[in-house]
Amino acid sequence: CNSKIVFFATDLHPNVLSSTNIDDSCGAVMYIGPDSLALVDHWNSVSMLGDRKEHQVVDIGTGSGIQALTMSLQAPADCKVVCVDVNPRALQLTRLNFVWNGLPEPVLLLGDLRDPSGAREFGEDSPSRSWNQWFEKTTIMLANPPFLPVPVGDETINKRHGLFSSGGGSGEEILARIVELASKYLEPEGSLAVVSEFMNPGTDFFERLKSWWGDTAAKGV
């Protein structure tokens, strides 16, 4: 980010966490791994901010906030940043990291993407608002979603890896939902950037991708 030193607090790799206790029912937050850095490098390389002056950046599954924060370092001062996570611990760390790096606090949303009722603002005693209300006029959507096919109710796996690893029974549930939301709420010239892995890409992956996106026009993948 223009050679600026950035500070981050997050949890450690699951290999370390297996012998570490986190006093939090929601479990660990995603560590900064190669996929996290790959997404940062991607949108830096394609200059996603462009010449547009007004942006709303939505970081889905924000974890420690690495994507939203590094984007904020280059965005215009009036750029609105929205960070979404199902884990309250993740949003606490995101808030800490923005403050630590001297940046305005983003909008922090606590909610599960699969919940059609939407999300509520973290730390506020307020009702949930729809995804449409939160994501309207989004110009950039970023995500490094979980991709492991985790059996529902498997406490052993959930305890070891936390929420950040669970992509649902197929491993693609969260990714599919992100693509669906992007197709609905991105501005016409908006961009979706995702780094993920696929446990079962198969020959029909692009057909599945098109089915998640729906009928909304898109320039390419």
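Residues numbered from 1 in each chain as written. Predicted model: local features only at pLDDT ≥ 70, side-chain atom pairs only at ≥ 80, totals over all residues. Heavy atoms only, no water.

Here we look at helix α8 (residues 205-213)
- Taken together, the buried positions of α8 are occupied by Phe205, Arg208, Leu209, Trp212 and Trp213. Down the axis of α8, the smallest arc covering the buried residues is 135 degrees, so these residues share one side. Facing away from the buried side of α8 by more than 90 degrees, the exposed set consists of Glu207, Lys210 and Ser211.
- On its buried side, α8 packs onto α7 (173-185) and β6 (186-194).
- Immediately downstream of α8, the backbone of Gly214 shows phi near 85 degrees, a positive value. (Buried < 20%, exposed > 50% of the residue type's maximum accessible area, 1.4 Å probe, protein only. Helix = DSSP H or I, 4+ residues; strand = E, 2+ residues; numbered from the N terminus. Arc of directions from axis to C-beta. Contact = heavy atoms within 4.5 Å.)

Some words on the sheet that holds strand β3 (residues 107-110)
- Strand order in this open sheet of six strands is β4-β3-β2-β1-β5-β6, and the pairing throughout is mixed. Edge positions in the open sheet fall to β4 (120-121) and β6, since each of these has one partner strand only.
- Of the strand pairs in this sheet, strand β5 (residues 138-143) and β6 are connected by five bridges, and their pairing is parallel. Bridge pairing links Ile140 to Ser191 in β6.
- Strands β2 (80-85) and β3 of the sheet are contacted by helix α4 (residues 88-100), whose axis makes an angle of about 170 degrees with β3.
- Each of β1 (56-60), β5 and β6 touches α7; the most contacted strand, β6, lies at about 160 degrees to it. (Pairing = 2+ DSSP bridges. Axes fitted to C-alpha atoms, helices over the stretch in contact; angles between N-to-C directions.)

Observations regarding the environment of Ala182
- Note that Ala182 resides in helix α7.
- For the pair Ala182 and Leu192, spaced 10 residues apart in the sequence, the C-alpha separation amounts to 6.8 Å.
- Those residues in contact with Ala182 that lie beyond four places of it in its chain are Met141, Leu192 and Trp213.

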